[in-house]
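Below are the chains, spelled out letter by letter.
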Amino acid sequence: MVAGPGGVENSGGERAADRPGAARRGSGGGSGPGEGGESGGGAARQARGVPDRRRGGRPPGGGGGRRRRARRGKEGGESGGGGCARLCASRRRRKMRLKIGLLLRSLLVVGSFLVLVVLWSSLSPRPDEPSPLSRMREDRAVNNPMPDRGGNGLAPGDDRFKPVVPWPHVEGVEVDLESIRRKNKANHEQERHAGGDNQKDIMQRQYLTFKPQTFTYRDPVLRPGVLGNFEPKEPEPHGVVGGPGEKAKPLVLGPEFKHAVQASIKEFGFNMVASDMISLDRSVSDLRQEECKYWHYDENLLTASIVIVFHNEGWSTLMRTVHSVIKRTPRKYLAEIVLIDDFSSKEHLKEKLDDYIKLWNGLVKVFRNERREGLIQARSIGAQKAKLGQVLIYLDAHCEVAVNWYAPLVAPISKDRTTCTVPLIDYIDGNDYSIEPQQGGDEDGFARGAWDWSLLWKRIPLSHKEKAKRKHKTEPYRSPAMAGGLFAIERDFFFELGLYDPGLQIWGGENFEISYKNYVRVVEVWWDEYKDYFYASRPESKALPYGDISELKKFREDHNCKSFKWFMEEIAYDITSHYPLPPKNVEWGEIRGFETVYCIDSMGKTNGGFVELGPCHRMGGNQLFRINEANQLMQYDQCLTKGPDGSKIMITHCNLNELKEWQYFKNLHRLTHIPSRKCLDRSEVLHQVFISDCDSSKMTQKWEINNIHSV
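Position numbers for residues count from 1 along each chain, tracking the sequence in the order it is written. Where totals are concerned, whole chains, interfaces and linings use all residues; where local detail is concerned, this predicted model gives features only for residues with pLDDT of at least 70, and gives and counts side-chain atom pairs only at 80 or more. The side-chain figures draw on all heavy atoms in the structure; neither hydrogens nor water molecules are used.

### Things to note about the overall build of the protein chain
Phase 1: The helix count covers DSSP runs of H or I at least four residues long, the strand count covers runs of E at least two residues long, and both are numbered beginning at the N terminus. Helix and strand counts for the protein chain stand at 20 helices and 25 strands.
Phase 2: Expressed as a percentage of the 711 residues in the protein chain, the buried residues total 44%.
Phase 3: For this analysis, residues touch if any pair of their heavy atoms sits within 4.5 Å. Pairs at least 24 apart in sequence give 71% of the contacts found in the protein chain among residues at least 6 apart.
Phase 4: Entry remark: accessible area of the protein chain is about 38,600 Å², with carbon and sulfur atoms responsible for 54%. The buried label goes to any residue with under 20% of its type's maximum accessible area, the exposed label to any with over 50%, and the partly exposed label to all in between, with areas taken from a 1.4 Å probe on protein chains only. Note on areas: these come from Shrake-Rupley sampling with a 1.4 Å probe, and a residue is covered only by the protein chains present in the view.

### What to know about helix H12 (residues 375–385)
Phase 1: Of all eleven residues in H12, nine are buried, a share of seventy percent or more.
Phase 2: Of the positions making up H12, those classed as buried are Ile376, Gln377, Ala378, Arg379, Ser380, Ile381, Gly382, Ala383 and Gln384.

### Observations regarding the packing of aromatic side chains
Phase 1: Pairing of aromatic rings covers Phe, Tyr and the six-membered ring of Trp, with a centre-to-centre limit of 6.5 Å; geometry is then stacked below 30 degrees between planes, edge-to-face above 60, and tilted otherwise. Applying the stated rule across the entire model yields 21 aromatic pairs.
Phase 2: Measuring from ring centre to ring centre gives 5.3 Å for Trp315 and Tyr356, while their planes differ by 75°; the resulting arrangement is edge-to-face. One end of the pair, Trp315, is in helix H10 (residues 315–328); the other, Tyr356, is in helix H11 (residues 351–356), with 41 residues separating them in the sequence.
Phase 3: The class for Trp315 is buried, based on a relative accessible area of 4%.
Phase 4: An aromatic cluster is present here, built from Trp451, Trp453, Trp527, Tyr530, Tyr533, Phe564 and Phe567 joined pairwise through their rings.
Phase 5: The criterion is that NZ of a Lys, or CZ of an Arg, lies within 6 Å of the ring centre and within 35 degrees of the ring normal, and then a charge sits over that ring. Taking NZ or CZ as reference, Lys465 lies 4.2 Å from the ring centre of Tyr573, over its face.
Phase 6: Just above the ring of Trp703 sits the side chain of Arg682; from NZ or CZ to the centre is 4.7 Å.

### Focus on the nonpolar core
Phase 1: The nonpolar core is taken to be a set of buried Ala, Val, Leu, Ile, Met, Phe, Trp, Tyr and Cys residues, with the residues joined through side-chain atoms within 4.5 Å. Ranked by size, the top nonpolar core spans 46 residues in total, and within it Ile306, Ile337, Leu339 and Ile393 carry the most contacts.
Phase 2: Only strand E3 (304–310), H10, strand E4 (334–341), H11, strand E5 (364–368), strand E6 (391–395) and helix H13 (406–415) provide two or more residues apiece to this core.
Phase 3: With residues up to four places along the chain from it excluded, the contact list for Ile393 reads Ala304, Ser305, Ile306, Val307, Trp405, Tyr406, Leu409, Val410, Phe487 and Ala488.

### Focus on the pattern of salt bridges
Phase 1: Take a side-chain nitrogen of Lys or Arg and a carboxyl oxygen of Asp or Glu: if they are within 4 Å of each other, that pair is a salt bridge. Following the criterion strictly, the structure yields 40 salt bridges and no others.
Phase 2: Here Arg288 and Glu231 are joined by a salt bridge, their closest N and O atoms 2.8 Å apart. Here Arg288, found in the loop between helix H9 (272–277) and strand E2 (295–296), pairs with Glu231, found in the loop between strand E1 (221–222) and helix H8 (258–268); they are 57 residues apart in sequence, far enough to count as distant.
Phase 3: For Arg288, a relative accessible area of 23% corresponds to the partly exposed category.
Phase 4: With a relative accessible area of 6%, Glu231 lands in the buried category.
Phase 5: In this structure, the salt-bridge partner of Glu490 is Arg417, at a minimum N-O distance of 2.7 Å. Pair noted here: Glu490 is in strand E12 (residues 487–490) and Arg417 is in the loop between H13 and strand E7 (420–421), with a separation of 73 residues, a long-range link.
Phase 6: A relative accessible area of 5% means that Arg417 is categorised as buried.

Following this line, the structure appears as structure tokens:
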């Protein structure tokens, strides 16, 4: 049931709260989708309360007034035929009533005073009794299913899960960030003058040696058929029994929600209408390999601080992340959950969030950046703020941890403090919130993190070499790279590494140039001679200024880090078999119609889309191409080739052994399609790019390739 705003009217026009039975059909005022039957229940209790109060105690004089009016009516009827004698007697009785009334009023005043004194004394707390405010909090706790937790936010001796229902629904209202910044500016100035640590200095603090392993931890043991010691003994409880989205079942909304869904996706990136209808404590399906359930772990695991960075995140997706961690993490290992607000402007992420996390009595904390730091630096800030856990676990702001997620992730770090672990990440559909297994990889869905030479993230199947190192297929395996969204690392070791490079800046994809600069910093510090392959794939990046990297190079030298060649041969040995080293470029840049203002543009299309002709913008991106020594005309990992009609040019994925089809004759301003022996042509009217019979007199077949030194 979805509660509607305000009072509900029936077909006769009367308000539900004003008619018998309204209690069963009451509706929460101003509630939104997702609060459903629970907020309706809340309103129903309010509707029941109104008639109860009327029956339980009349206002002073209320019922008496009705009775007095009845007596006057009777007396008036009798006096109508009584004449003067009855009238005089009436006056005498009236005087007597006045005296008696005065006495009664005096007694009423005195009695009222005595009642107030007694009431006050009854409300005043005795030394052995709680205060009225405490009783109010206790009453609220009775109505709120969230357990009353101790100082660390945990219920002492009680690991039983208790869902929070109903969950609050909020709108994405903007706040004035500038006023908040001004308000806090003075405080920051005082801290700076008081000699507090500068954040950048802290991040750049690095260590010449790594601390030795001192924590003793036994290897996990697989006992087939014997349920693991960290496995739940009972089926996971539902957030709302039979509720939407439970067990990760898809929630498909009807057409009446279309516009609201589109608006929420535009604002938050997900279908928040559906998300708000799903319990923050919902149950999820178990997608693990069956063997995973029989691992037994040493219970001497390290504790963890969970760090979640967010910027203008939708309420329910963010809170469902927090709720899932609390629901599925053994309490003795969960030191804290640290939320880093990276300069959000949504009202629900300010005071409302502060109030909501008080439910956990300090277990969940929020810290706010006074400017947009970007994901990378916000995570370094999170490492600074998270002080209680021995391990830092970074999670996205819109994820849900699965059943028995903690022990497999932290056990390898407990064994070896220099290990960084990454979970298998399944897929939550942002429209209906169903959960599907991670795609790709080998026959079991296992894959190693990798990259192509444009530094685009890739996943490659687990190699036979890695499989041979394991006794059981659900053991952890090595990976040369990670996506970076979700991972765990020992806190002290992360600081010994110097945290993230302070020069890396990620601004949510809104500034592509900064992203490219990040790539350049990485390859210039770590890739040695392999950086040439990156520049072959991203030639426009070579001229980008990338800042001072001397401290990073000194760190590498001080720690005697191995060469990137060693890393490629020993750790990332299988990447080149999937993504061969790229050949050198012959030419690169924009492909412009000779002496025109029109350029070939992929329009963001891939894997079979047709390229078009558009106005040149000199910003690279979709207009940046390269032709290499293998005769491939490429954009990142995509090649240009003729389409199914044999004429129009499309762009599609290719490896280095495919679609070697183009030659560029710079002096002739001509691009030739080798297999067909035709020339690249264009229509500036139709904005089309195609091949046609070569004709040296046709200006539409003349092209120039111009380097672009910006992104």
